[in-house]
Amino acid sequence: MTANVPSRNVATFSPLLECRDISVTFRQPRTARDLLGGRKPLKLHALRNVSLAVQAGEILGVVGESGCGKSTLGRTIAGLQTPDSGELRWEGRELGVSGDRKARARNIQMVFQDPYASLNPRMTLGQMLDEVLLVHDLCASVAERRERVDELLLMVGLAPQLKDRMPHAISGGQRQRVSIARALAVKPRLLIADEPVSALDASVQAQIINLLEDLRAKLGIAILFVAHDLNVVRHISDRVTVMYLGEVLESASADALFEAPHHPYTRGLLDAIPLPDPKRRKRTPGVTGDLPDPLRPPGGCSFSSRCPHAVDACKAARPVLEPSGKPGSIREARCIRPLSSAETTLVPFDMHSHS
Ligand SMILES: Nc1ncnc2c1ncn2[C@@H]1O[C@H](COP(=O)(O)OP(=O)(O)OP(=O)(O)O)[C@@H](O)[C@H]1O
Ligand code: SF4
Ligand SMILES: [Mg+2]
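Residues numbered from 1 in each chain as written. Chains lettered and ligands numbered in written order. Predicted model: local features only at pLDDT ≥ 70, side-chain atom pairs only at ≥ 80, totals over all residues.

Quick word on the pairing of strand 10 (residues 247–253)
Two faces, one strand: in a regular strand the side chains alternate between the faces of the sheet. With 6 of 7 residues buried, strand 10 lies mostly within the body of the structure. Relative to strand 10, strand 9 (residues 239–244) is paired through 6 bridges, and the arrangement is antiparallel. Pairing of Y244 across the sheet is with E247, part of strand 10. Note: strand 10 against strand 12 (residues 332–333), 2 bridges, orientation antiparallel. Looking at the pairing, E250 lines up with A333 of strand 12. (Buried ≥ 20, exposed ≤ 12 C-beta atoms within 10 Å, placed from the backbone. Helix = DSSP H or I, 4+ residues; strand = E, 2+ residues; numbered from the N terminus. Pairing = 2+ DSSP bridges.)

Here it is as structure tokens:
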């Protein structure tokens, strides 16, 4: 983490990007039963009233089980998915749903999980980078574009000589570096990295994560870092947002969230991480039970069917995402019975009392 980490205090928090109450639904294809019974197709709520903000130069980690809406969130912010309702704001101004895509792409770029699928197999690395510079009219001459292509390759740790290679002729890690270079070509201020290391070997994962951290430090770029590996998220993020069934359940600074989560779901996710020190014993078995059918989420709190702290009131009404923790901090949780720090801090395992 750099020394230039943005403030995490309500008074000084100034968002670059804000999502306010964003909802996205997908209509599920009609089944034969629907057609015969005259029933309307079900709506899948991929995002439900998602509110979050990213500051300039900040790395916000987004975690949650498969299908919780992480990619839909990234795509909605990037303008690739239209929300049903809610508002996106960029430096305080509304980002129109049908606004200028090119203008939005200048500020917000995406890097995807599978670099091979996201690169054109018929173009050299140089041609791909050059194309972006040309489309966005970013250089005054061919010579300037050539120079910028070399600079972009160097920026992501690749030798400019590689520009004549095709995507299949470089390694997976190098391909992800090219994807990052292509995203950086327009000098965006926010990078949405959707599981950028999930398809890579462990050693290469660390290199790409270090590269993203270096780029944040050098360019001051903000990153929305989507991942399911909590260790990775902890390492790279200033703040972390935890999602479940399309909702934000908790947001906090990475240190605070990993030290003492306020939401039972976050607690469960953390307890599922294997601990290197056997003396530090897990306090819960992690998140148990099956993920509910997203087409039929539980009423009230979406986590109530798996929550060890659930009471009747949890099923009666949907909890709101509200400030949680010390006054002035930007911590939030969606739970009517948030965990106290006494309950959530890991304690050393006492060998004698448990033998
Ligand atoms: N185009 C689509 N049409 C129908 N349903 C969709 C579509 N895209 C996503 N979904 C559904 O929306 C929900 C959220 O999907 P999303 O891909 O955003 O989750 P995710 O958190 O990125 O999952 P993963 O970790 O597997 O990548 C899922 O239930 C998914 O099946
Ligand atoms: S609202 Fe209730 S069910 Fe939901 S997480 Fe909190 S304690 Fe658990
Ligand atoms: Mg995804």
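Here's the deal with the site of ligand 2
Taken together, the residues surrounding ligand 2 are P264, C301, F303, S304, C307, H309, A310, C314, P319, C335, I336 and R337. Here the shell around ligand 2 is composed, by residue class, of 9 nonpolar, 2 polar and 1 charged. (Near = placed C-beta within 6 Å. Nonpolar A, V, L, I, M, F, W, Y, C, P; charged D, E, K, R; others polar.)

What to know about the site of ligand 1
The local shell around ligand 1 holds 13 residues, among which F26, S66, K70, S71 and T72 are the closest. At the level of secondary structure, the elements contributing two or more residues to the shell around ligand 1 comprise strand 2 (43–55) and helix 2 (70–78). Examining the composition of the shell around ligand 1, we find that 3 residues originate from one element, helix 2, more than from any other.

Quick word on unusual backbone geometry
Phi is positive for E195, close to 50°, though the residue is something other than glycine. Relative to the helices and strands, E195 is located in the loop between strand 7 (190–194) and helix 8 (202–219). Using a count of 20 C-beta atoms within 10 Å as the deciding quantity, one classes E195 as buried. Positive phi, normally seen in glycine, also occurs at L245, with a value near 45°. Residue position: L245 is located in the loop between strand 9 and strand 10. Classification of L245 as buried rests on a count of 23 C-beta atoms within 10 Å.

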